[in-house]
Amino acid sequence: MQKSREVRTAMPPAALAAAGSLWMASASNAPLWRELHALGLLQAPGGWLLALSLAGMVASLLFALVSLLAWPRLLKPALALLLLASGGAGYFMWTYHVVIDSGMASSALQTDWHEALGLLTPALAGALVLGALVPAAVLWRLPVRHRPWPRQAARNLAAAGAGLLLFAALLVASFQPLASTMRNHKHLRYLLNPLNTLYAAGQLGFGKTQAKGGLLPVGRDAQLAASAQRPPLLVLVVGETGRSGNFGINGYARDTTPELAKAGVASFRNAWSCGTHTAASVPCMFSPLGREGFLARDRDSENLLDVLQHAGLAVLWIDNQPGGCKGVCDRVPNAKTSSLRDPVACAGGECHDEILLSGIDARIAQLPPERRARGVVLVLHPMGSHGPDYAQRSPRTFKRFLPECTSAHLPDCSAEQLRNAYDNTIAYTDHVLGSAIAWLRSRSGDFDGALLYVADHGESLGENNLYLHGLPYALAPDVQKHVPWITWLSPAFEQRNGVAMDCLHARAGTRITHDNLFHSVLGLLQVQTAAYRRALDAYADCGVH
Ligand SMILES: [Zn+2]
């Protein structure tokens, strides 16, 4: 008897699909409604109607999609997954004012658990429980009656068709105001939760199949110019989340970079990034293609490190980021610092960036001697100023600016606390770079030393309520794209290639971008190859060649 009553009260799968879709279209889209309100669109005549039809369109599209998945053992897990994805995405969009595009999605996919834990705050846990787990649990417990499969298939198709019809009807009814709103505020489409995530995931999947076809060779003709007495030793630091404007040597009101100033480094103050997040910027920086060519490529190619290796140099990538080198170091020797377990630098589990210099002479000694004799390029990939848990990035002795924000839920902190926490990461980066320069000086008997520091992208620190980074390039504010580019050449290095530090100081305002990195490093190291373009070498006009 009990069973038959349950069967009678069981819901059709379409009801479940409708309930889940309505929840996601309304509650999970809180960031979209907030943005419409902030733009004054809700208050405009017909604003509420537009919002309602937008919600209806999201719901009907979701309903059409979920209906196709309305099979036993598939419907509930699929809905739960969608609820979780939309709850998580909604939280991040709400808290940090980020939007979800393919770049953000690929960053999320490449995030490791250690990094993810840095983001897991009580606020996120609460949002996930209330926004996703509770509704998922409610839907999970509802009894559902599926039909025998031919009838279920027909019903699923009919439901999907109905969803699409409703979507089309709403689109036609609100086309004029909707089209102009979307045209004037392009970022809104990246807020349509969870369609933005699904679309981005689809783009990533498509991109993967596109990148097939093997790697294009680059600079196989590379050769070093006639050698001087000592081989060159270049330390190339791929900075993380560096805001050009927060570096004291770039004119920041706070002295965040005393060690770099003392070392007399040259800084390009007008340098711009290729992307707004690590996974986009790092491969692009090392590519020979430049930003436009890189975005339009249909095949991946070898990069700067391959060319340096073709030229016979010893290359070593040392990584202090759990996310790794994004494929850039795949074909050169590389090492992770996590294996070192240094009791001081890695006291809290994660290693502070000084670990990159630990045991560095021994690492160099392990590189092939015939390459070492021609020259060494060490690429250091620090944690830098990776957010939102900035306070974790600097050791206690470097907390120069207090009080600092210690929460990963950034809106909890005042603007001043946030700025302090971020500036402490720059002060510590200054110390790491200063230590690297001191170490290069100590090796001046064996090598002609040089250091180049370029950050992958910038960061928003609450300006216009924006946090972190990763906004689509065209929408991102300058602070996410304006990056530090710092050069230090030892006197012996200046002599060997004729690039004078005084000349670099005089050219501090020259506009350069990540497009210049490939050619500038080849120029600095006097690598001769057909892949080199003098016009893109930021140092060429200060050199003799
Ligand atoms: Zn980054």
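1. Thoughts on the sheet that holds strand E6 (residues 376-381)
Read from one edge of the open sheet, 8 strands run E5-E4-E6-E2-E7-E10-E3-E11, paired in mixed fashion. Of all strands in the sheet, those with a lone pairing partner are strand E5 (334-336) and strand E11 (511-513), marking the two edges. Across the sheet, the mean angle separating the axes of adjacent strands is 25° when strand polarity is ignored. Contacts between helix H13 (residues 278-286) and the sheet are confined to strand E2 (232-239), strand E4 (314-319), E6 and strand E7 (448-455), with E2 contributing the most and set at about 155° to the helix.

2. Regarding the coordination of the zinc ion
Distances from the zinc ion to its protein donors, namely Glu-240 (OE), Glu-240 (OE), Thr-278 (OG1), Asp-456 (OD) and His-457 (NE2), fall within the range 1.9 to 2.8 Å. On the primary sequence, the residues serving as donors to the zinc ion are separated as E-x37-T-x177-D-H. Judged by relative accessible area, His-457 falls into the buried class, the value being 0%.

3. A closer look at a nonpolar patch on the surface
A contiguous nonpolar patch, built from Leu-84, Val-129, Leu-130, Leu-133, Val-134 and Val-138 and spanning about 510 Å² of accessible area, is present on the exposed surface. The element contributing the most residues to the nonpolar patch is helix H8 (residues 122-141), with 5 residues. Relative to the helices and strands, Val-129 resides in helix H8.

4. Overview of the packing of helix H4 (residues 47-68) against helix H10 (residues 175-184)
Contact geometry for H4 and H10: axes closest at 10 Å, N-to-C directions at 85°. Relative to H10, H4 is oriented roughly perpendicular. Note on element contacts: H10 touches H4 through Pro-177, Leu-178, Thr-181 and Met-182, opposite Leu-50, Leu-54 and Met-57. Here the contact of H4 with H10 is built from residues that sort into 6 nonpolar, 1 polar and no charged.

The rules behind the values
- Residues numbered from 1 in each chain as written.
- Predicted model: local features only at pLDDT ≥ 70, side-chain atom pairs only at ≥ 80, totals over all residues.
- Heavy atoms only, no water.
- Pairing = 2+ DSSP bridges.
- Helix = DSSP H or I, 4+ residues; strand = E, 2+ residues; numbered from the N terminus.
- Axes fitted to C-alpha atoms, helices over the stretch in contact; angles between N-to-C directions.
- Contact = heavy atoms within 4.5 Å.
- Donors = N, O, S within 2.8 Å, 3.2 Å for Na, K, Ca; no water.
- Buried < 20%, exposed > 50% of the residue type's maximum accessible area, 1.4 Å probe, protein only.
- Patch = residues over 30% accessible without salt bridge, like charges linked within 9 Å, V, L, I, M, F, W, Y side chains within 5 Å.
- Areas by Shrake-Rupley, 256 points an atom, 1.4 Å probe, with all protein chains shown as cover.
- Salt bridge = Lys/Arg side-chain N within 4 Å of Asp/Glu carboxyl O.
- Parallel < 35°, antiparallel > 145°, perpendicular 65-115°, else oblique.
- Nonpolar A, V, L, I, M, F, W, Y, C, P; charged D, E, K, R; others polar.

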